[in-house]
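Each chain, letter by letter, is given below.
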Amino acid sequence: MKFRKIIWMLTFFVLAGTVAACGRKEKPEEDIPKVQNEQSSEPEESTQKEEEQEKEVKEEPEEPEEKIPADQNLLTGVPDLTDGAIGKRPVAVMVNNVSYAMPQYGVEEADIIFEIPVEGDATRFMALYGDYTQVPKICPIRSCRYYFPALSQGFDAFYVNWGSDDTIGEYLEALDLDQIEGITNTGGLFGRDQDRLNQGYALEHTGYFDGTKLPSYIESQGLRTDLKEDKKGPAFLFNGLEEQLKPEGSDCTNVQINFGAQSSAFTYDAGRKVYLKQINGQAQTDGKTGNQLAFTNVFVLETDISVRDSVGHKEIDWDGGPDSTGYYVSNGGVQKIIWSKDPNNENSYLRFYDQSGQEIAINRGKTYIALNYKNQATFQ
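Read on for a plain summary of the structure. (Residues numbered from 1 in each chain as written. Predicted model: local features only at pLDDT ≥ 70, side-chain atom pairs only at ≥ 80, totals over all residues. Heavy atoms only, no water.)

Digging into the nonpolar core
One finds Phe114, Phe352 and Ile369 to be the most contacted residues of the largest nonpolar core, which totals 43 residues. Taken together, the elements giving at least two residues each to this core come down to strand 1 (91-96), strand 2 (112-117), strand 3 (123-129), helix 3 (147-152), helix 4 (169-175), strand 15 (297-302), strand 19 (333-340) and strand 21 (367-372). Broken down by element, the residue count for this core peaks at four residues, all from helix 3. The residues contacting Phe114, other than those within four sequence positions of it, are Arg124, Phe125, Met126, Leu128, Leu151, Phe155, Leu350, Ile369 and Leu371. (Core = buried A, V, L, I, M, F, W, Y, C linked by side-chain atoms within 4.5 Å. Buried < 20%, exposed > 50% of the residue type's maximum accessible area, 1.4 Å probe, protein only. Helix = DSSP H or I, 4+ residues; strand = E, 2+ residues; numbered from the N terminus. Contact = heavy atoms within 4.5 Å.)

Structure, rendered in structure tokens:
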């Protein structure tokens with residue numbers, strides 16, 4: 001009996017072990033916990049997501065720089081040059097600006113106009129044209145004063161005048177000025193406007209310059225037309241092509257400038273975003289087009305002006321400096337500025353800065369610049 005009991009127990013344990021072994025083999029694989037596998041996959045998925053996010057950040061396109069067209073007029077920032085004028089020099093023309101000479105013609109097409117006092121505190125224009133192939137016929141042409149070419153040289157411009165202050169010959173020669181002079185020129189560029197003579201204008205108000213003949217004249221004389229390397233950029237720091245910004249300051253829809261013997265004023269046309277010019281209280285118009293002179297930008301640059309001889313010729317500080325005061329008017333606003341030009345280098349640019357010394361950007365379009373006595377302008 002004892003032997004049988006032992007045999008039975010052995011048999012039981014063998015059978016129990018077999019059943020247990022069979023049970024382990026038959027358990028489905030999908031029921032095996034995958035905790036360890038899930039834990040090992042989490043870092044991989046996280047890393048993959050991070051890599052994808054980094055890739056998205058890297059692949060996000062950067063804001064492209066604004067592409068400026070090759071035909072940008074360097075004086076206005078507006079892309080309107082003819083192909084033949086790209087990279088070429090502008091033209092500065094001296095224009096009579098007293099009431100007896102009104103109306104002028106050819107001035108509406110100027111890209112920049114400087115207005116500065118001369119003898120007796122009357123004023124004279126220096127009109128600059130960015131496209132030398134498109135300069136119109138301009139009248140009446142007047143004589144040179146030393147501070148005008150001191151400014152025109154900063155634009156690397158041809159300089160056109162009829163007559164000159166006799167005391168500045170050496171200065172002009174030292175400037176190495178490409179001067180086209182009405183008294184000595186035999187190229188058929190200058191003449192007297194017969195209609196004006198017939199109307200009774202004084203002789204000094206009848207001289208014209210025929211800019212339409214300028215390209216052929218320049219070619220015949222072998223004059224340099226390509227801009228100097230340091231003048232191939234824009235004359236000013238301009239805002240974007242589609243931007244029209246208001247200066248950082250107060251509102252300004254009216255500017256009054258007292259030069260002494262005459263005055264200039266500007267009224268803002270909000271629809272066109274330009275300032276319309278008046279002379280001595282009357283609209284200043286172009287005699288050919290009938291249009292009132294209009295400017296996107298108006299600058300009033302205060303400076304020191306004195307009389308330097310018995311004739312009344314002026315001594316003018318044309319270089320400004322860190323203590324200078326000026327005003328920039330555009331798009332319905334006015335900003336107080338600092339203006340300067342290298343006093344030892346007439347070929348330097350004229351620059352404009354805010355009160356912290358940061359160069360300001362201006363709107364693209366035609367620009368008027370007055371150099372005048374201090375505290376003789378109001379802005380409303």
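With respect to the side chain of Asp156
Within the secondary structure, Asp156 is located in the loop between helix 3 and strand 5 (158-161). Judged by its relative accessible area of 4%, Asp156 falls in the buried class. There is a polar contact of 2.9 Å between the side chain of Asp156 and the side chain of Arg224. In contact with Asp156, not counting residues within four places along its chain, are Arg89, Pro90, Arg224, Asp226, Leu227, Lys228 and Lys231. (Polar contact = N/O pair within 3.5 Å; in protein donor to acceptor, adjacent residues only side chain to side chain.)

Considerations on the sheet that holds strand 7 (residues 190-192)
Reading across from one edge, 4-8-7 is the order of the three strands in this open sheet, with antiparallel pairing throughout. Each edge of the open sheet carries a strand with a single partner, namely strand 4 (137-138) and strand 7. In terms of strand pairing, strand 7 meets strand 8 (residues 207-210) through three bridges, oriented antiparallel. Of the residues in strand 8, the one forming a bridge with Phe190 is Phe209. (Pairing = 2+ DSSP bridges.)

Concerning the side chain of Asn363
Relative to the assigned elements, Asn363 resides in the loop between strand 20 (351-353) and strand 21. For Asn363, a relative accessible area of 0% gives the class buried. Here Asn239 takes part through its side chain, which lies 2.9 Å from a polar atom of the side chain of Asn363. The contacts of Asn363, once residues within four sequence positions are left out, are Phe238, Asn239, Glu243, Gln244, Leu245, Thr296, Asn297, Tyr328, Ser330 and Asn331.

Describing the pairing of strand 11 (residues 263-269)
In this structure, strand 10 (residues 254-258) lies alongside strand 11, joined through five bridges in antiparallel fashion. Across the sheet, Val255 pairs through a bridge with Phe266, a residue of strand 11. Here strand 10 folds back onto strand 11, and the loop between the two strands holds four residues, one of which, Gly260, carries a positive phi near 125°. Examined bridge by bridge, strand 11 and strand 12 (residues 274-279) share six bridges and lie antiparallel to one another. Looking across to strand 12, one finds that Ser264 is bridged to Ile279. Linking strand 11 back to strand 12 in an antiparallel pair, the connection comprises four residues, with Lys273 at a positive phi of about 60°.

Things to note about empty space enclosed by the protein
According to the stated counting rule, one finds three cavities of 30 Å³ or more in the structure shown. Within this model, the largest cavity holds a volume of roughly 130 Å³. Around the largest cavity sit 17 residues that line it, and Leu74, Leu75, Pro90, Leu227 and Lys231 are the ones nearest its centre. Residues of the lining of the largest cavity, tallied by class, amount to nine nonpolar, six polar and two charged. Reported here for the second largest cavity is a volume of approximately 50 Å³. What lines the second largest cavity is Leu151, Gly154, Phe155, Ala235, Phe236, Lys341, Ser348, Tyr349 and Leu350. (1 Å grid on protein atoms, 1.4 Å probe; cavity = no way out; pocket = protein on both sides within 12 Å on 5 of 7 lines; lining within 4 Å. Points joined across faces, edges and corners; volume = space filled by probe spheres on them. Nonpolar A, V, L, I, M, F, W, Y, C, P; charged D, E, K, R; others polar.)

Brief notes about helix 6 (residues 214-221)
Every buried residue of helix 6 is listed here: Leu214, Tyr217 and Ile218. Taken around the axis of helix 6, the buried residues stretch over an arc of 100°, which confines them to a single face. In helix 6, the exposed positions that point more than 90 degrees away from the buried face belong to Glu219 and Ser220. Packing partners of the buried residues in helix 6 comprise strand 1, strand 5, strand 6 (179-181) and strand 8. One or two steps after helix 6, the chain reaches Gly222, where phi turns positive at roughly 65°. (Arc of directions from axis to C-beta.)

Things to note about the packing of aromatic side chains
When we look at a pair of aromatic rings, we describe it by the centre distance and by the angle of the planes. According to the stated counting rule, one finds 16 aromatic pairs in the structure shown. Each ring, one from Phe114 and one from Phe155, has its centre 6.2 Å from the other, and the planes form 65°; the classification is edge-to-face. Here Phe114, found in strand 2, pairs with Phe155, found in the loop between helix 3 and strand 5; they are 41 residues apart in sequence, far enough to count as distant. Note on accessibility: Phe114 and Phe155 belong to one class, buried. Measuring from centroid to centroid gives 5.1 Å for Tyr147 and Phe148, while their planes differ by 40°, and the two rings are tilted. (Phe/Tyr/Trp six-rings, centres within 6.5 Å; stacked < 30°, edge-to-face > 60°.)

So yeah, pure geometry; function would need other evidence.
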